[in-house]
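# Close look at the chain arrangement
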Amino acid sequence: MYNELNPNLGEKMNYFVEYFSFVNEIIGFLPIYPLDTPLSLVDKILFQLKNNPKKCNQYIDNHLNQLRPFIEDLRESFETFNDLKPLVERHFNEKSRSVNSNNSIVWQSLTVIKTYEFKNVLELVKRDLLENFRNILVDGIYSFVICKHKLRFHKKDINRLTSLLVADLRLDGYSKESLKKIFQDKIIVETESGLFRDQFYKLKEVIRFKEQYFFFKINNCFPVGGDESDFCYKVNNVTFLSYKHKICSSVKKSMLTKGFINEFNKKKVKEIFFRGKKHILCFIKLKYIDEKVAVSKAIEIINKELLEFKLKCTNSNEHIYLEKSNYLYCETLKEFSGFSYSFLNIEYLSQDKYDVNMISVLSEISTEAKDEYLFHLPKLWEAQYNKSITLYWIFLEALIKSNIQSTFAKIQTKNRIAVRRYLKQMLSNIFHPFNVSSSKTGLDISYDIIDNENEFYKFLNKNKKSIKSPAVLEIIKVIDNLFSKKNESIWNEYYFSIAKETYEYRNAKLHKNNVNEYSEIKLSQILPEMVKYFNWFIYSKIKKDKVSTLEKAFD
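Keep in mind the model is a prediction, meaning the values are calculated, not measured.

Okay, helix α22 (residues 517–543) next. When the terminal C-alpha atoms of α22 are compared, their 39 Å separation across 27 residues agrees well with the 39 Å that a helix rising 1.5 Å per residue should span. Approximately 35 degrees is the largest bend angle found in α22, and it occurs at L523. Regarding α22, its N-cap is N516, as a side-chain oxygen of that residue lies 3.0 Å from the backbone nitrogen of Y518 further along.

This is the structure:
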């Protein structure tokens, strides 16, 4: 790709692009690639100090554990980290002395994080990070890429800065899918006119937020009394209204004049949104970077406000539900901008084929564990439907009951084999003959080998010297090292921190309905998949091991 004019530069640029793509795929699911940055961690700590000052110690400790390794790395770039370091070390010294006779930490005895000095230093650190963090990442990567030294001298530095850059972008609102396109849109190959630096530095560009209205359909619903065209009811930031209301009529009229929509799509959008006796529309205004992330957020908010709307504004005895698969968006309430629709209707709390198969298989088993598991399974479906972090926690809480955080960490550590399998699948896709770029990898692998996971991976290890891509070799190195038995404690600590943060989020949501945005973005991207792995673990314990109770599944 980037090797026509300068082979050394080309090798390092290729490595950066491939490594960026790899981290983007797996970030948040490996302990060496957490979906966090120093900025997100500092922001979470300050959030706790402001919103939960009396009970924040254990949550702040969790975030400081993640922040601690960054402090030494960033001291040269941020002077404020020199002020933060002694305070953090004092905290951990206090923590080591705050253990009672039961070997439990007495959180109330920790005092450093409650001091004005600590909060003041954190505010200064956050200011510096907001102003300079992205710049330092891009400057650093650029300097290592253009350096005259070979890749092997700077690979670790490129890895470290690239993983932070991916995390920074993802936490800023980019989805995994949108980042896959970033090099098509932002960076081009080096040219003789010397545009390489300018193109690379487009990664520094300030992200431009969009602000639009998203319209969704509410099924099995009709307004209460009066003229339908006047029906409009607002619940916080969500407005529910008849599709005959003048706002919707303006959107419809604008849509019909848009030349970029063909006649088939116009007809389909009219049928879905502006016809029928048993539905209304609702809309919400959001500021966002990535449309997919915004739609997910809109669905979560609307589902929450739908409860109040049901109680006050409908006469329907049928189940009212939000249709997630279809939506319109507009820059103003009079200007249609675009749409998304699906030919498939998404039923409320619909089960996917895996859930249906699981229930069918378990019907032949008669145990207390099976009965309790199936009783609580709808909580998982509800969490998936509502995209709710809190409901995911409620599902875990219902099954585990005690020592939830440590038990979740233990189970997920056992389940890391699923992550390893996913990484191997990534490699098989890279080397598969169907991949047009597979010829550039340096290996010609037959279908029989590539379709056999164990044989394929043995073949890769045996032929490492023939692999041309340094990024692929780095993935193999990660699989070989990180998943070894000796590193179980690293995984367990990582999953425990995620469980702790989920519990922190759940408490903030339920008690004050005020959550940290970085936590919400992070957990919404990684928790659903982790709970899915957890769910499969419980299912297999009941099906294969025939455990009599759920408690025994966790032993």
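The sheet built from six strands is open, its strands ordered β2-β3-β4-β1-β5-β6 with antiparallel pairing. Sheet topology places β2 (232–235) and β6 (335–340) at the edges, where each strand pairs with a single neighbour. Pairwise comparison of adjacent strand axes, ignoring direction, gives a mean angle of 25 degrees for this sheet. Two strands pair when backbone bridges link them, and strand β1 (residues 210–219) and strand β5 (residues 321–332) are joined in this way by seven bridges, in the antiparallel orientation. Bridge pairing links I218 to L322 in β5. Along the sheet, helix α11 (residues 263–273) contacts β1, β4 (279–288), β5 and β6; its crossing angle with β5, the most-contacted strand, is approximately 120 degrees.

So, about empty space enclosed by the protein. Counted under the stated rule, the structure contains two cavities of 30 Å³ or more. Within this model, the second largest cavity holds a volume of roughly 40 Å³. Forming the walls of the second largest cavity are F47, Q48, E501, E504, Y505, A508, V515, N516 and S519. Secondary structure elements with two or more residues in the lining of the second largest cavity: α2 (38–51) and α21 (488–512).

Residue placement: A383 occurs in helix α14 (residues 368–386). In this structure A383 comes out as buried when scored by relative accessible area, which is 0%. When the C-alpha atoms of A383 and I394 are compared, they prove to be 8.8 Å apart, with eleven residues separating the residues in sequence. Residue contacts for A383: discarding those within four places in its chain leaves S388, L391 and Y392.

As a further point, take the confidence of the model for the protein. Parts of the model with low pLDDT should not have their predicted coordinates read in detail. Model confidence for the protein is summarised by a mean pLDDT of 84, while 89% of its residues fall at 70 or above. When pLDDT is averaged over each helix and strand of the protein, the minimum, 61, is found for helix α8 (residues 182–186) and the maximum, 96, for α2. Of the regions scoring below 50 in pLDDT, residues 188–193 engages in eleven contacts with residues more than four places distant in sequence or in other chains. Residue range residues 343–354 is modelled with pLDDT below 50. Its contacts to residues more than four positions away, or to other chains, number 19 contacts.

Right, let's talk about the nonpolar core for a bit. L30, L84, Y373, L460 and F534 are the most contacted members of the largest nonpolar core, which totals 129 residues. The element that contributes the greatest number of residues to this core is α22, accounting for 13 residues. If near-sequence neighbours (up to four positions away) are discounted, Y373 is found in contact with M358, L362, L399, N535, I538, Y539, I542 and L550. Membership of the second largest hydrophobic core comes to 27 residues, among which are F214, F240, A298 and I301.

With the rule as written, the count across this model stands at 28 salt bridges. Between E335 and K258 there is a salt bridge; the shortest N-O distance is 2.5 Å. You can see E335 sitting in strand β6 and its partner K258 sitting in the loop between α10 (246–257) and α11, a full 77 residues away along the chain. A relative accessible area of 34% places E335 in the partly exposed class. Ionic pairing is found between K541 and D545, a salt bridge with its closest N-O pair at 3.2 Å. With relative accessibility at 19%, the residue K541 sits in the buried group. For D545, a relative accessible area of 45% puts it in the partly exposed group. Among the ionic contacts, a cluster of salt bridges with common partners joins D36, K44, E501 and K522.

Cut-offs and rules
Residues numbered from 1 in each chain as written. Predicted model: local features only at pLDDT ≥ 70, side-chain atom pairs only at ≥ 80, totals over all residues. Heavy atoms only, no water. Helix = DSSP H or I, 4+ residues; strand = E, 2+ residues; numbered from the N terminus. Expected span 1.5 Å × (residues − 1). Bend = angle between axes of the 7 residues up to and from the residue. Polar contact = N/O pair within 3.5 Å; in protein donor to acceptor, adjacent residues only side chain to side chain. Pairing = 2+ DSSP bridges. Axes fitted to C-alpha atoms, helices over the stretch in contact; angles between N-to-C directions. Contact = heavy atoms within 4.5 Å. 1 Å grid on protein atoms, 1.4 Å probe; cavity = no way out; pocket = protein on both sides within 12 Å on 5 of 7 lines; lining within 4 Å. Points joined across faces, edges and corners; volume = space filled by probe spheres on them. Buried < 20%, exposed > 50% of the residue type's maximum accessible area, 1.4 Å probe, protein only. pLDDT = per-residue confidence, 0-100. Core = buried A, V, L, I, M, F, W, Y, C linked by side-chain atoms within 4.5 Å. Salt bridge = Lys/Arg side-chain N within 4 Å of Asp/Glu carboxyl O.

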